[in-house]
Amino acid sequence: MQSISFHRRLLSATALSTTLALAIGSTHVWAQDAATTYPHKTITMIVPYAPGGSSDARARQLAQKLSEYFGQSVIVDNKSGGSGNIGTNAIAKATPDGYTIGVGNFGPLTVNKTLIPSTPYNPLTDLTPIILVEKGPVVLLVNAEKSPYKDLKTFIAGLKEANGKMAYGSSGAGGVYHLSGELFKSTMGVSAVHVPYRSGGQILNDLIAGQVDFAFDMAPSPMGFIKSSPPKLRALAVANDKRLTALPDVPTFTELGYKGLEISNWLGIVAPKGTPEPIIQKLNAALNKALQDPEMAQRITGPGNIVVGGSPKLFTDHIRSETTRWAKLITDKNIKAD
């Protein structure tokens, strides 16, 4: 009787293993077939911000390129609100078949989960990174006409002498420019008052008017004020490991001896978790091709950003490292979102 019972269990186990193997094989074949025919209908690219901004503009440029490569329509769907959480959650909750992808950037993919406990998705488990499109290194800015500081060394000395009386502006608590200022203060051992604004344009206007003493921003926004004659803003340092082609005379924090201050407001493309790997690879290849197009590359680098591209793994690793880095700063400084 024991021998019969053993053989029955063995047969049952073998049958289960065979069923699982067939299921796995069937899923693999389906994924391969889906990639072979992909795409055969319209792709939707969700942008978690309102129309007209830089993320929206880049999404539309990439959507046009994908449409050209695939021979299928790629439409942009703006779902703004919640500091990017509403649109990003829509990406995460979409059917994982490759026909819904979206823009993912600094806030929704790295800091919102720490800043906003009610964030309805986990960027590390609910999304599949496809490609890191670009980085926009931030630049330390002062008033070119009214500020006495011509370089980073004298500026840091001035901050220390002011002992907390200088102020810097940002486009809101918990945003990349606020966090840039807090990381800068920690690294340099200085203090300054944070003044949150509702838009980057207001910050630059007040910096030019002398209402705040310094600010961090991506290079494209202040470029006109930096290169005007006479210049209205002065860039003291770039938060990148290499100088920007758009600002070749501005040194980096790294070359000035300050490590750990590589800060970018970056943008990539993501898909819902569970999107078949062959489709992710197909999208990644097409987007890399788009970034290699000279016209597309110029649209990114001309204003002062950096083309990245590369594999899904590179983007995945970037999100994880950025999440760890900024979560520590937010927790240590007890930073709260607006």
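The structure presented is a predicted model; accordingly, all values stated were derived computationally and were not measured.

Cut-off values and rules
Residues numbered from 1 in each chain as written. Predicted model: local features only at pLDDT ≥ 70, side-chain atom pairs only at ≥ 80, totals over all residues. Heavy atoms only, no water. Pairing = 2+ DSSP bridges. Helix = DSSP H or I, 4+ residues; strand = E, 2+ residues; numbered from the N terminus. Axes fitted to C-alpha atoms, helices over the stretch in contact; angles between N-to-C directions. Contact = heavy atoms within 4.5 Å. Buried < 20%, exposed > 50% of the residue type's maximum accessible area, 1.4 Å probe, protein only. Arc of directions from axis to C-beta. Polar contact = N/O pair within 3.5 Å; in protein donor to acceptor, adjacent residues only side chain to side chain. Phe/Tyr/Trp six-rings, centres within 6.5 Å; stacked < 30°, edge-to-face > 60°. Parallel < 35°, antiparallel > 145°, perpendicular 65-115°, else oblique. Core = buried A, V, L, I, M, F, W, Y, C linked by side-chain atoms within 4.5 Å. Lys, Arg positive; Asp, Glu negative; His and termini not counted. Salt bridge = Lys/Arg side-chain N within 4 Å of Asp/Glu carboxyl O.

1. Remarks on the sheet that holds strand 9 (residues 233–238)
- One open sheet accounts for five strands, arranged 7-6-8-5-9; its pairing is mixed. Every interior strand has two partners, whereas the edge strands, strand 7 (193–196) and strand 9, have only one. On average, each strand axis in the sheet is tilted by 35 degrees relative to the strand beside it, whichever way the strands run.
- By the bridge criterion, four bridges tie strand 6 (residues 167–170) to strand 7 in an arrangement that is parallel. Bridge pairing links Y168 to H194 in strand 7.
- Helix 7 (residues 200–209) contacts strand 5 (138–143), strand 6, strand 8 (214–218) and strand 9 of the sheet and is inclined by roughly 35 degrees relative to strand 5.

2. Thoughts on helix 5 (residues 152–162)
- Residues L152, F155, I156, G158, L159 and A162 constitute the buried set of helix 5. Down the axis, helix 5 shows its buried residues gathered within 160 degrees of arc, on one side only. Summarising the geometry of helix 5, the exposed residues directed more than 90 degrees from the buried face are K153 and E161.
- Buried residues along helix 5 sit against strand 5, helix 6 (176–188), strand 8 and strand 9.
- The backbone nitrogen of K153 lies 3.3 Å from a side-chain oxygen of the residue at the head of helix 5, namely D151.
- Looking one or two residues beyond helix 5, the residue adopting positive phi is N163, at roughly 55 degrees.

3. Section: the environment of K79
- On the secondary structure map, K79 appears in the loop between strand 2 (74–78) and helix 3 (85–93).
- Its relative accessible area of 31% is what places K79 among the partly exposed residues.
- Remark: the alpha-carbon pair of K79 and P48, spanning 31 residues in sequence, is separated by 4.9 Å.
- Setting aside residues up to four positions removed in sequence, K79 forms contacts with I46, V47, P48, Y49, I86, G87 and A90.

4. Here we look at the packing of aromatic side chains
- For the structure on display, the rule yields 13 aromatic pairs.
- Taken together, a centroid distance of 5.2 Å and an interplanar angle of 75 degrees make the contact between F155 and F214 edge-to-face. One end of the pair, F155, is in helix 5; the other, F214, is in strand 8, with 59 residues separating them in the sequence.
- For F214, a relative accessible area of 0% puts it in the buried group.
- Both rings, one in F214 and one in F216, keep their centres 6.4 Å apart while their planes meet at 80 degrees; by these two values the pair is edge-to-face. One exposure class covers both F214 and F216, and it is buried.

5. Things to note about the sheet that holds strand 11 (residues 306–307)
- In space, the six strands of this open sheet follow the order 2-1-3-10-4-11, with mixed pairing throughout. Single-partner strands in this sheet number two, and they are strand 2 and strand 11.
- Relative to strand 10 (residues 267–272), strand 3 (residues 100–105) runs antiparallel, the two being bridged by four bridges. Looking at the pairing, V103 lines up with I269 of strand 10.
- Strand contacts of helix 3: strand 1 (43–47), strand 3, strand 4 (127–135) and strand 10, with the helix running at about 40 degrees to strand 10, the strand carrying the most contacts.

6. Looking at the packing of helix 9 (residues 277–292) against helix 10 (residues 294–301)
- Contact pair helix 9 / helix 10: the axes reach a minimum separation of 5 Å and the direction vectors enclose 75 degrees. As the angle between them shows, helix 9 and helix 10 are arranged roughly perpendicular. Side by side, helix 9 and helix 10 meet where A290, L291 and Q292 of the first sit next to P294, M296, A297 and I300 of the second.

7. So, the nonpolar core
- Judged by nonpolar contacts, the single largest core of 47 residues is most densely connected at L140, L152, F155, F184, F214 and F253.
- With six residues, helix 6 is the largest single contributor of residues to this core.
- The contact partners of L152, leaving out residues within four places of it in the chain, are L140, F184, M188, L236, A237, F253, L256 and Y258.
- The next biggest cluster of nonpolar side chains, apart from the first, holds 30 residues, and it includes Y38, L66, F70 and Y99.

8. A look at the side chain of R234
- With respect to the helices and strands, the residue R234 is situated in strand 9.
- Here R234 sits buried without a salt bridge, and the closest side chain of opposite charge, D151, lies 9.1 Å off (N-O distance).
- A polar side-chain atom of R234 sits 2.9 Å from the main-chain carbonyl oxygen of A144.
- Beyond its immediate chain neighbours, meaning those up to four positions away, R234 contacts L140, L141, V142, N143, A144, S147, Y149 and K150.

9. Section: the pattern of salt bridges
- Summed over the entire model, instances satisfying the criterion amount to ten salt bridges.
- Salt-bridge contacts for R58 lead to E134; the nearest nitrogen and oxygen are separated by 2.4 Å. With R58 in helix 2 (residues 54–70) and E134 in strand 4, the pair connects residues that are 76 residues apart, well separated along the chain. Accessibility assignment for this pair places R58 and E134 in one class, buried.
- Residues D317 and K313 are paired through a salt bridge, measuring 2.7 Å at the closest nitrogen-oxygen approach. In this pair, D317 and K313 are both assigned in helix 11 (residues 312–332), four residues apart and thus about one turn of the helix distant.
- In this structure D317 comes out as partly exposed when scored by relative accessible area, which is 37%.
- A relative accessible area of 55% means that K313 is categorised as exposed.

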